[in-house]
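Next come the chains, spelled out residue by residue.
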Amino acid sequence: MLNIQGIHKSFGSLQVINNLSFEVKEGEFVAIIGPSGSGKSTLFQLIGGISTLDGGAILLDEEDIQLKRGTIGYMPQQPCLLPWRTILENVTIVEELQQQPHIEQAQAWLEKVGLAQFENAYPNALSGGMQQRVSFIRAIVSDKPILCLDEPFSALDEFTRLEMQAWLLSIWEQHRKSILFVTHNIEEALFLADRILVLTKRPATIKEEMIVPFERPRSEGIRHSAKFYALKQQLFNYLKEEKDDAYVD
Ligand SMILES: Nc1ncnc2c1ncn2[C@@H]1O[C@H](COP(=O)(O)OP(=O)(O)O)[C@@H](O)[C@H]1O
Ligand SMILES: [Mg+2]
């Protein structure tokens with residue numbers, strides 16, 4: 001469904017992505033982990049059509065989506081809410097641009113993430129984690145065949161993060177839209193994904209691919225299994241090999 005084919009990207013003399021290729025299949029949940037500054041957010045900007053490729057191609061269902069915005073559901077690393085729009089208006093903006101906002105659906109989602117009472121508030125009244133949840137809901141209601149989430153839970157405290165992971169899994173298990181998920185959290189990647197791509201340090205290319213063997217629906221219990229621990233250690237070692245001065249992100 002989503003095909004990344006030998007893409008390249010540089011900013012001036014800084015080569016960020018080098019011949020990166022992978023695929024996300026229909027209904028698949030793929031996580032990407034890699035060192036800080038390896039080009040993960042840049043990759044998402046390329047997929048989202050807000051940055052230009054230097055080489056290679058990005059295809060969605062065989063169609064070249066280079067510089068085509070609005071074909072994927074995209075949640076950036078920063079929440080990027082518009083300060084002059086209310087929370088509800090921020091959530092519905094993508095559909096509004098397509099002249100078909102589903103206000104009730106947006107309200108139902110806000111309710112599910114505990115933000116119903118904030119629908120008429122403005123973003124500056126919300127904490128960073130709450131803003132990130134709004135940004136997440138905005139990506140979900142945009143109703144695209146693939147959701148690209150760039151460290152969506154990184155601003156949340158540990159407890160809320162675990163809750164949001166379980167919540168995301170329950171939604172995904174019902175709807176099975178393809179998800180491409182960047183995280184710096186190894187455990188999060190293992191708990192959520194079908195497959196994990198480990199990137200090299202910059203310029204990014206694929207270092208390793210791990211098929212996650214846990215059955216679905218997944219329960220919290222797998223986090224305490226010997227298998228989980230062993231895979232976590234393996235991923236940790238891959239990242240350690242790619243680490244220079246930068247901390248693992
Ligand atoms: N618009 C830009 N102009 C110049 N350099 C950029 C730009 N965007 C990102 N970079 C650089 O590209 C590298 C990769 O950034 P990024 O994709 O944000 O990494 P990650 O998300 O993996 O931490 C970094 O060194 C960053 O400074
Ligand atoms: Mg990033």
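From a predicted model like this one, the values you see are computed outputs, not experimental measurements. (Residues numbered from 1 in each chain as written. Chains lettered and ligands numbered in written order. Predicted model: local features only at pLDDT ≥ 70, side-chain atom pairs only at ≥ 80, totals over all residues. Heavy atoms only, no water.)

**Q** Would you mind going over the packing of aromatic side chains in detail, with residue names and values included?
**A** Applying the stated rule across the entire model yields eight aromatic pairs. Seen from their ring centres, phenylalanine 44 and tyrosine 74 are 6.4 Å apart, and the 75° between their planes marks the pair as edge-to-face. In this pair, phenylalanine 44 is assigned in helix H1 (residues 40-47) and tyrosine 74 in strand S6 (residues 73-75), connecting sequence segments 30 residues apart. A relative accessible area of 0% places phenylalanine 44 in the buried class. Aromatic side chains phenylalanine 214 and phenylalanine 228 sit 5.7 Å apart centroid to centroid with 40° between the ring planes, which places their arrangement in the tilted category. Pair noted here: phenylalanine 214 is in the loop between strand S10 (206-211) and helix H8 (226-242) and phenylalanine 228 is in helix H8, with a separation of 14 residues, a long-range link. Judged by its relative accessible area of 1%, phenylalanine 228 falls in the buried class. Members of the aromatic cluster, joined through ring pairs, are Phe29, Trp109, Phe136, Phe153, Trp167, Trp172 and Phe181. In this arrangement the basic side chain of lysine 112 is found over the ring face of tryptophan 109, its NZ or CZ atom lying 4.2 Å from the centre. (Phe/Tyr/Trp six-rings, centres within 6.5 Å; stacked < 30°, edge-to-face > 60°. Helix = DSSP H or I, 4+ residues; strand = E, 2+ residues; numbered from the N terminus. Buried < 20%, exposed > 50% of the residue type's maximum accessible area, 1.4 Å probe, protein only. Lys NZ or Arg CZ within 6 Å of the ring centre and 35° of its normal.)

**Q** Lay out the pattern of salt bridges with the relevant residues and their values.
**A** Under the defined criterion, the tally for this structure stands at 10 salt bridges. Put simply, arginine 161 and glutamate 158 hold a salt bridge, and the shortest N to O gap is 3.3 Å. With arginine 161 and glutamate 158 both in helix H6 (residues 158-175) and three residues apart, this pair spans about one turn of that helix. Of the residues examined, arginine 161 reaches a relative accessible area of 10% and is grouped as buried. The salt bridge partner of glutamate 209 is arginine 195, with a shortest N-O separation of 2.7 Å. Within this pair, whereas glutamate 209 is found in strand S10, its partner arginine 195 is found in strand S9 (residues 195-199), the two being separated by 14 residues in sequence. The buried category is assigned to arginine 195, whose relative accessible area is 8%. Connected through salt bridges with shared partners, the residues Glu187, Glu220, Arg223 and Lys232 form a single ionic network. (Salt bridge = Lys/Arg side-chain N within 4 Å of Asp/Glu carboxyl O.)

Shape is all these values report; function is a separate question.
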